Amino acid sequence: MTTVLIEELEPGSADAGVAAHYGDPMREQRTLDTAVGLVDRSNRDVIAVPGEERAGWLHTLTTQHLSDLRAGQGTEFLVLSPHGHVEQHALVAEDGTTAWLDTEPGAGAGLAKYLEMMRFFTRVEPRDATAEIAVLSLVGPRAPEAAARLGIDLAEPRVLEVPGPKFAAGSLPPEPTALYDVRAFEGGLARRVPLGVDLLVPRSGLDAVVTRLADVPKAGLWAYEAVRVAHRIPRLGWETDHRTIPAEARFVAPAVHLDKGCYRGQETIARVHHLGRPPRRLVLLHLDGVATDQPPAQGTPITLDGREIGFVGTAVRHYELGMIALAVVKRNVADDARLIIGESAAAIDAD
């Protein structure tokens, strides 16, 4: 099959360099939705954090409860600005000697810089490991079966529900709110996540892993993004802007522990959770009457009665749902509002 690269289709894209599709994007979506496919996400940035004090150090800098993170565990966290705006989002895989952080393409430099600035006298040695480690993803309900071909047996991921605003102190467990099983294999790590299994693989051994998974159909990033959008999973830089706070983009459940010690931006998290609602919210839109085959670009304004009320995050053409998009809109926009994106109408999926 023909491999079409995103860098050929979208020069300058953050996702340049990995396969957009392998000839049939709709079939690839269906495969990810109903069975399992292998997605090349090796454009993600990776940060390695070795050092005996890494867990407690990361705990103090991020939104997640990491002080007791142990080998074989993974999770997600955010780094916030002093005013509580989302600056970084990363997934974690702990192997007993190093915490491996993977984040969006192009975001690693900012995360590494922040971590280096906050080292002080802590016994940690963060470094950019993007040239060492690549990320592949087995996506779909049969992903654990595919991972078993590598000798990996992974437990289901656990993500706690966001407690009500009046929850009692100490009612959340002293561990990550999202807990992902991590297992070592052939020099790499496998991490069970909601969409399947992420494989953190040494780049030197990437071809060998792909060969062992040769009977797993390959799927491009277009298919992965369509599945992500349908599951309402936000992506840093797509469903966020410089004003985004975690509660607006559904980051709280997987990445924020609401009952832990001080960290930068915590005041905003607590104030919004206990005293009110965020000014915006993440929604899934169904787009009607789109004039072209191209989904609206990230950042396209959304209007209601001639007023701008939000922006498009990721828009995709889904094999079952048609043209859909994740979008951030004002909190007071009604679920039955008829929105306009360019010249096209859009309706909120309130499920």
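The paragraphs below set out a description of the structure included in this document.

1. Digging into the packing of aromatic side chains
This model, assessed by the stated rule, comprises zero aromatic pairs. One residue, Arg 235, lies across the ring of Trp 238, its end atom 3.7 Å from the ring centre.

2. Focus: the environment of Asp 336
Following the sequence through the fold, Asp 336 ends up in the loop between strand S18 (322–330) and strand S19 (338–341). According to the relative accessible area criterion, Asp 336 is exposed, its value standing at 71%. Measuring from C-alpha to C-alpha, the distance between Asp 336 and Asp 349 comes to 8.7 Å, with 13 residues separating the pair along the chain.

3. Regarding the layout of surface pockets
Roughly 560 Å³ of internal volume is contained in the second largest pocket. Lining the second largest pocket are 34 residues, and of these Glu 76, His 89, Tyr 224, Ile 233 and Pro 234 sit closest to its centre. Elements with a minimum of two residues in the lining of the second largest pocket: strand S6 (86–94), strand S9 (133–139), strand S13 (196–202), helix H7 (221–230) and helix H8 (252–255). It is H7 that contributes the most residues to the lining of the second largest pocket, four residues altogether. Its residues placed into classes, the lining of the second largest pocket shows 18 nonpolar, five polar and eleven charged.

4. Here we look at the environment of Asn 43
Structurally, the position occupied by Asn 43 is in the loop between strand S3 (37–40) and strand S4 (45–50). Sequence spacing of Asn 43 and Ala 249 is 206 residues, and the spatial spacing of their C-alpha atoms is 23 Å. Setting aside residues no more than four positions away along its own chain, Asn 43 makes contact with Ala 14, Asp 15, Ala 16, Val 18 and Pro 105.

Reading guide: rules and limits
Residues numbered from 1 in each chain as written. Predicted model: local features only at pLDDT ≥ 70, side-chain atom pairs only at ≥ 80, totals over all residues. Heavy atoms only, no water. Phe/Tyr/Trp six-rings, centres within 6.5 Å; stacked < 30°, edge-to-face > 60°. Lys NZ or Arg CZ within 6 Å of the ring centre and 35° of its normal. Helix = DSSP H or I, 4+ residues; strand = E, 2+ residues; numbered from the N terminus. Buried < 20%, exposed > 50% of the residue type's maximum accessible area, 1.4 Å probe, protein only. 1 Å grid on protein atoms, 1.4 Å probe; cavity = no way out; pocket = protein on both sides within 12 Å on 5 of 7 lines; lining within 4 Å. Points joined across faces, edges and corners; volume = space filled by probe spheres on them. Nonpolar A, V, L, I, M, F, W, Y, C, P; charged D, E, K, R; others polar. Contact = heavy atoms within 4.5 Å.

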